[in-house]
Amino acid sequence: MSGRILVGCDTSDRHPVATLPPVSRVGLVLGGGGITGAAFHFGTLLAIEMATGWHPDEADVLIGTSSGAFVGAMVRGNALHLDTFAGTGETQDEIHDWLNGYLYRRSAPRGALRWIRRGLLPALRQPSLHVALGSPGMYRTDGLEDWVHDAVGPLADSWPTKPTAIVAYDVERRERVPFGTEAAPTASLSNAVAASSAVPFVYEPVLIDGRWYADGGLASGTSADLLLAHPEPLDLVLVVAPLAATEPRSGGRFYEDVFDKVGRAALASELAMIREQWPGTETLVLRPDEAVLDIARPNPMSVGAAIPTFLETLRSMRHELAHGSVWSILHRHLYREHPAAHARNI
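What you are looking at is a predicted structure, and each value in this text was computed from that prediction instead of being measured. Along each chain, residue indices are assigned from 1 in the same order as the chain's sequence is written. Side-chain atom pairs in this predicted model are given and counted only at pLDDT of 80 or more, local residue features only at pLDDT of at least 70, and totals for whole chains, interfaces and linings cover all residues. Computation of side-chain values: all heavy atoms of the structure, hydrogens and water removed.

Draft legend 1. Spatial organisation of the overall build of the protein. A count of helices and strands for the protein gives 11 helices and 10 strands. Only protein chains enter the accessibility calculation, which uses a 1.4 Å probe; a residue whose area is less than 20% of its type maximum is buried, one above 50% is exposed, and one in between is partly exposed. Out of the 346 residues belonging to the protein, those deemed buried represent 54%. Put simply, of all contacts in the protein between residues at least 6 apart along the chain, 79% involve residues at least 24 apart. Here the protein displays about 14800 Å² of accessible surface, and carbon together with sulfur accounts for 55% of that area. Here a strand is any run of E in DSSP of at least two residues, a helix any run of H or I of at least four, and the numbering for each starts at the N terminus. When checking whether two residues touch, look at their non-hydrogen atoms; a contact exists if any pair is within 4.5 Å. Working definition of accessibility: Shrake-Rupley area with a 1.4 Å probe, residue cover restricted to the visible protein chains.

Draft legend 2. Quick look at helix 10 (residues 306-320). Each residue after the first adds 1.5 Å to the expected span of a helix. Taking 1.5 Å per residue, 15 residues should reach 21 Å; helix 10 reaches 20 Å between its end C-alpha atoms and fits that length. Along helix 10, the residues classified as buried are A306, I307, T309, F310, E312, T313, S316 and M317.

Draft legend 3. Molecular detail of the pairing of strand 9 (residues 236-240). With respect to burial, strand 9 is a largely interior element, five of its five residues being buried. Neither face of strand 9 is exposed, since L236, L238 and V240 on one face and V237 and V239 on the opposite face are all buried. Paired strands are those between which DSSP finds at least two bridges. Pairing geometry for strand 1 (residues 26-30) and strand 9, over five bridges, is parallel. In the strand pairing of strand 9, L30 is matched with V240. Sheet topology places strand 9 next to strand 10 (residues 282-286); five bridges connect them, and they run parallel. Across the sheet, the residue bridging to L236 is E282, located in strand 10. With helix 8 (residues 254-277) bridging strand 9 and the parallel strand 10, this β-α-β connection has right-handed handedness. Think of it like this: strands point away, you trace from the first strand over the helix to the second, and a clockwise trace means the crossover is right-handed.

Draft legend 4. Spatial organisation of the confidence of the model for the protein. pLDDT measures how confident the predictor is about each residue, on a scale from 0 to 100. Per-residue confidence for the protein gives a mean pLDDT of 87; residues scoring 70 or more make up 83%. Low confidence marks residues 10-21, where pLDDT is under 50. Its contacts with residues over four positions away, or in another chain, come to 20 contacts.

Draft legend 5. Focus on the packing of helix 6 (residues 142-152) against helix 7 (residues 189-196). Each axis is a line fitted through C-alpha atoms, and for a helix only the stretch in contact is used; angles between axes span 0 to 180 degrees, taken between their N-to-C directions. Where helix 6 contacts helix 7, the two axes come as close as 9 Å, and the packing angle between them is 140°. One finds that helix 6 runs oblique with respect to helix 7. Seen along the crossing, helix 6 lies across helix 7 with a hand that is right-handed. For the pair formed by helix 6 and helix 7, the contact residues are L144, E145, V148 and H149 on the first element and S190, N191, V193 and A194 on the second. Our angle categories are set so that under 35 degrees counts as roughly parallel, over 145 as roughly antiparallel, 65 to 115 as roughly perpendicular, and the remainder as oblique. For a crossing to be left-handed, the near helix must be turned anticlockwise from the far one by less than a right angle; the clockwise case is right-handed.

Draft legend 6. The packing of aromatic side chains, seen in detail. Pairing of aromatic side chains requires ring centres within 6.5 Å, counting the rings of Phe and Tyr and the six-membered ring of Trp. Pairs whose planes differ by under 30 degrees are stacked, by over 60 edge-to-face, and all others tilted. In total, this model carries 10 aromatic pairs according to the counting rule given. Here F70 and W147 contribute two aromatic rings whose centre-to-centre distance is 4.3 Å and whose plane-to-plane angle is 40°, an arrangement assigned as tilted. Here F70 is found in helix 2 (residues 67-76), whereas its partner W147 is found in helix 6, with 77 residues between them in sequence. Pair check on accessibility: F70 and W147 agree, each one buried. One aromatic cluster in this structure is built from F70, W98, Y102 and W147.

Draft legend 7. Representation of the nonpolar core. Residues belong to one nonpolar core when they are buried, are Ala, Val, Leu, Ile, Met, Phe, Trp, Tyr or Cys, and are joined through side-chain atoms within 4.5 Å. Residues V71, F85 and F179 are the most contacted members of the largest nonpolar core, which totals 71 residues. The greatest single-element share of this core, amounting to nine residues, is contributed by helix 1 (residues 34-52). In this view, F85 contacts I35, A38, A39, F42, W98, L99, W147, A306 and I307; residues no more than four positions away in its chain are not counted.

Draft legend 8. Geometry of a negative patch on the surface. Only residues whose relative accessible area exceeds 30% and that form no salt bridge are eligible for patches; like-charged ones are grouped when within 9 Å, while nonpolar side chains (Val, Leu, Ile, Met, Phe, Trp, Tyr) are grouped when within 5 Å. The term salt bridge refers to a pairing of a side-chain nitrogen on Lys or Arg with a carboxyl oxygen on Asp or Glu at a separation within 4 Å. A residue counts as positive if it is Lys or Arg and as negative if it is Asp or Glu; His and the chain ends are not included. Every charge is mapped to an atom, namely NZ of Lys, CZ of Arg, CG of Asp or CD of Glu. On the surface, a cluster of negative charge is contributed by E90, D93, E94 and D97. Examined against the element boundaries, E90 turns out to sit in the loop between helix 3 (82-86) and helix 4 (92-103). Its relative accessible area of 75% is what places E90 among the exposed residues.

Draft legend 9. Summary view of the packing of helix 4 against helix 6. Relative orientation of the contacting elements helix 4 and helix 6 amounts to 115°, with a least axis distance of 6 Å. Contact residues: W98, L99, Y102 and L103 in helix 4; G143, L144, D146, W147 and D150 in helix 6. Class assignment for the residues of the contact of helix 4 with helix 6 results in six nonpolar, one polar and two charged. Residues are sorted three ways: Asp, Glu, Lys and Arg are charged, Ala, Val, Leu, Ile, Met, Phe, Trp, Tyr, Cys and Pro are nonpolar, and all the rest, Gly among them, are polar.

Draft legend 10. Highlighting the side chain of S316. Looking at where S316 falls in the secondary structure, it is placed in helix 10. The exposure class of S316 is buried, given its relative accessible area of 9%. The definition of a polar contact used here is a pair of N or O atoms within 3.5 Å, where within protein one atom must be able to donate a hydrogen and the other to accept one, and adjacent residues in sequence count solely through side-chain atom pairs. From its side chain, S316 meets the backbone oxygen of T313 in a polar contact 3.0 Å long. Apart from residues lying up to four places away in sequence, S316 is in contact with D289 and V292.

Draft legend 11. Region of the structure containing the pattern of salt bridges. The final tally for this structure, using the stated rule, is 18 salt bridges. The residue E256 makes a salt bridge to R249 at a minimum N-O spacing of 2.7 Å. R315 serves as the salt-bridge partner of E312, at 3.0 Å between the closest nitrogen and oxygen. Residue E312 and its partner R315 are located together in helix 10, separated by three residues, close to a single helical turn. What makes E312 buried here is its relative accessible area of 15%. By relative accessible area, R315 is classed as partly exposed at 48%.

The structure is reproduced here in structure tokens:
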């Protein structure tokens, strides 16, 4: 499912980010990857901002999936800073408790009959990954919604003014649903983020307008092709893809490489579509290197790995963004004359 990306109504009283006119028309795609994927997003986007002076909220279009949906809400809500991600705790235990309070609120077992009908029985007849659809979750998603509310305020109950799509997956119809487009039902930003982040078996599905939704990564970890709904070609498509690493990490578990291969294949197909329809559009994909993967894996949902992943991402991006082929793209499309004047403190 796809459709034209709508311009929402921001009813918040927050102050807008002071920005210069955009250098280029940019589509920003934030893929899924658990809490460590969110850490990778935070580190990567803050590194880009510090290096170029470009604020991610200047993106003409933003596509967010799963953890990328949460980070996308932070981008549009002017909340892309460390306190949003780690709170004000000073010790490792305090940060862990703060994150656990949002991410892991226990859920009473429910939805088993729905899962048997819509997930388990169809998968027994025709084995597939759809066995996960609608599965009962150990945790509730209301903590994710509270996190969005606490971070972006009233915007959580409305939608960003700039084109933004949050991708979830319709459990019964087995199709992706990009909230924020004309093809999807109306949802609040916090509802859409919770639906997009409802990892099967971890979180219970989310009910919106009478339908159940699960993690948007069930369709694609990135859904970059949704950018093609933009009425005119973009100059740059910037993809941050935590679950599409190009090389398996040393000593990694077998399923890590499986998820990365699936993520790479989906993203490659989406980028091929973009290049075919917009041949003049440049693309840049930023992925975790082995040093980041060693911390972020094998459990992307580990709160204990979140801050170390963030810090390692900052270190890795210092080298990645300085690479000639990468910096030439950033300089061409995002660079400000005096980036230090626009970069915010982490």
